[in-house]
Amino acid sequence: MSKKSGKFYRGPEFETPQGHSRVLKTRTSCYDIKKAYRKKNPNDPGAAQKFQEMAAAYEILSDPNSREVYDREGMDGFTGPGGQGGGMPADAADMFAQFFGGGSTTFFDFAGSGPRRRKGEDTEIPYEVTLEELYNGKAVKMNMEKEVICGTCTGSGTRGNAKAKECSHCEGKGWTFTQTQIAPSRYGTMRTKCSECNGEGTKIREKDRCKKCKGEKTVKEKTRQEIYVEKGMPDGYRIVLAGAGDQEPNIPPGDVIFRLKTAHHESFERSGSDLLANVKITLSEALLGFSRILITHLDGRGISVSSPPGKIVTPGQTIKLRGEGMPVFKNPDQKGDLYIVLEYEVPDAEWLHSIDQQALAKLLPPKKANIDPAPMIIDEAPFEEADLEDVRARYFPASSDFFDQGFASQFGEGDDGDWEDEDDDDYDDHGMGGEPECRPQ
């Protein structure tokens, strides 16, 4: 588009959105619009609509900045919430006020307008995966149903040589102007999608409709899609099948997006590339040590661990097994760490009654004595079992760290002993983001 003598010319490669291209072919400027309008009958509603359209096109498309916003976001960039165009062009409202009633009418919206879509709508599908599938990787095939261009009418919606007729209500534009009162003695002009043709600009008579698609231009078709869940993919990751979405006439189809959702696992919890598991050991193992398979991993391997000789395991102690965590996404040969929280498995009453308790008492450390000196007043309280989860659910007027002391450790926490169970390394998420992966179809 070139500018010469205050007029705009349509270049050989220039193409504007629906409605605006027809306006710019008139080779008009702001001055031409105002001059031509004054020659028209102001009571002619057709003339008002014509020059509203011309003025709007001139204001938006003549300025390079506003044109860039329009091409990127449509009219939402000027009128929608958060639009980057900063609202309508500064003098557009004043221009319309001068044209249509000296300020009594305001053009305030272009609902539903904008450049043509570059592709069809995307379809997002939640897909639940297990930790085993994310650890080992998995190829998944599934049957789907989508809209495809009708093969009988090739997307025209008509049969034979019949053609769609221009909508008489909107004159083929796909939108109409409506007026609404926004204040006493003040009206606003709004551009809305045509209700007769649903914004298409054309209508197909019942007798001219394609027998297969009934004038809808597309039909449903069953397809078979395949996705590959790669090792280490993070929760919420988007697997994109480019161009596998519903088809529409004259525009490329959208994408099918599978968003991964990790299912709950009975044995493991995941944090990035690290894993957490809880393992019970016996009292004798805690005191005398152990050397056995502690857990079965996500790939079916048994993980055997031996405690250092003479090492007493404290309740809730955490050990770290390097390189036994989740594979790093896009680098599956590298893995995170596996944290194991060791919990005591206390013997039951049946075992206690089956042994010589006096002999056991001699082997165990002595019981603690009463507080010395004893308090002045001592009350006897009954021994009653309770569920800590129920207690946590209640309100306590206690300090914020009331439950932070004396309870099970958090993920990756433990004593800093000579056994490798904790370090101060910063957590590395190995660059795991949520970037989508496109697979051409």
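Conventions and cut-offs
Residues numbered from 1 in each chain as written. Predicted model: local features only at pLDDT ≥ 70, side-chain atom pairs only at ≥ 80, totals over all residues. Heavy atoms only, no water. Phe/Tyr/Trp six-rings, centres within 6.5 Å; stacked < 30°, edge-to-face > 60°. Helix = DSSP H or I, 4+ residues; strand = E, 2+ residues; numbered from the N terminus. Buried < 20%, exposed > 50% of the residue type's maximum accessible area, 1.4 Å probe, protein only. Lys NZ or Arg CZ within 6 Å of the ring centre and 35° of its normal. Polar contact = N/O pair within 3.5 Å; in protein donor to acceptor, adjacent residues only side chain to side chain. Contact = heavy atoms within 4.5 Å. pLDDT = per-residue confidence, 0-100. Pairing = 2+ DSSP bridges. Axes fitted to C-alpha atoms, helices over the stretch in contact; angles between N-to-C directions.

S.K.: Could you clarify how one ought to interpret the packing of aromatic side chains in this entry?
M.R.: Both the distance between ring centres and the angle between the ring planes are used here to describe each pair of aromatic rings. One pass over the structure, following the stated rule, counts three aromatic pairs. Taking 6.4 Å as the distance between ring centres and 85° as the angle between the ring planes, the aromatic pair formed by Tyr127 and Phe258 counts as edge-to-face. With a gap of 131 residues between them, Tyr127 in strand E4 (residues 123–129) and Phe258 in strand E12 (residues 256–262) connect regions that are remote in the sequence. Summarising the burial analysis for this pair, Tyr127 and Phe258 share the class buried. An angle of 80° between the planes, with centres 5.1 Å apart, marks the rings of Trp175 and Phe177 as edge-to-face. The side chain of Lys173 reaches across the aromatic face of Trp175, ending 5.2 Å from its centre. The ring of Trp175 carries the charged tip of Arg191 above its face, separated from the ring centre by 3.7 Å.

S.K.: I would appreciate a short explanation of the side chain of Thr158 in the present structure.
M.R.: Tracing the backbone through its elements, the reader meets Thr158 in the loop between strand E5 (138–149) and strand E6 (165–166). Polar side-chain contacts of Thr158 include one of 3.1 Å to the side chain of Ser156. Engagement of the side chain of Thr158 in a polar contact is seen with the backbone oxygen of Ala162, the distance being 2.9 Å. Sequence-distant contacts of Thr158, that is, excluding residues within four places in its chain, are made with Cys153, Lys163, Ala164, Ile204, Asp208, Arg209 and Cys210.

S.K.: Looking at this model, I keep getting lost on unusual backbone geometry. Mind explaining?
M.R.: Only a minority of non-glycine residues have a phi that is not negative, and only a minority of peptide bonds are not trans. Pro373 follows Asp372 through a cis peptide bond whose omega is 0°. Phi is positive for Asn198, close to 60°, though the residue is something other than glycine. As for its placement among the helices and strands, Asn198 is situated in the loop between strand E8 (186–193) and strand E9 (202–203). Owing to a relative accessible area of 51%, Asn198 belongs among the exposed residues under this scheme. With a phi angle near 70°, Lys330 is a residue other than glycine that sits in the positive phi range. Along the polypeptide, Lys330 turns up in the loop between strand E18 (327–328) and strand E19 (331–335). Of the residues examined, Lys330 reaches a relative accessible area of 53% and is grouped as exposed.

S.K.: Can you help me understand the confidence of the model for the chain in this one?
M.R.: Should the pLDDT be low somewhere, the predicted coordinates at that spot are not to be read in detail. The share of residues in the chain with pLDDT of 70 or more is 61%, and the mean pLDDT across the chain is 75. Here strand E2 (residues 7–9) stands out as the element of the chain with the lowest mean pLDDT, 36, in contrast to helix H7 (residues 131–136), whose mean of 97 is the highest.

S.K.: What is the right way to read the sheet that holds strand E13 (residues 268–271) from this model?
M.R.: Hydrogen bonds between backbone groups are what pair the strands of a sheet, and the pairing can be parallel or antiparallel. A sheet is described by the order of its strands in space; here four strands give the open sequence E13-E14-E20-E17, paired in mixed fashion. Here the strands that pair on one side only, and so sit at the sheet edges, are E13 and strand E17 (317–321). Each adjacent strand pair in this sheet contributes to an overall mean axis angle of 30°, direction not counted.

S.K.: I keep staring at the environment of Asn278 and nothing clicks. Help me out?
M.R.: Relative to the elements of secondary structure, Asn278 occurs in strand E14 (residues 274–282). For Asn278, a relative accessible area of 44% corresponds to the partly exposed category. Measuring from C-alpha to C-alpha, the distance between Asn278 and Ser267 comes to 7.2 Å, with 11 residues separating the pair along the chain. Apart from residues lying up to four places away in sequence, Asn278 is in contact with Ser267, Val341 and Glu343.

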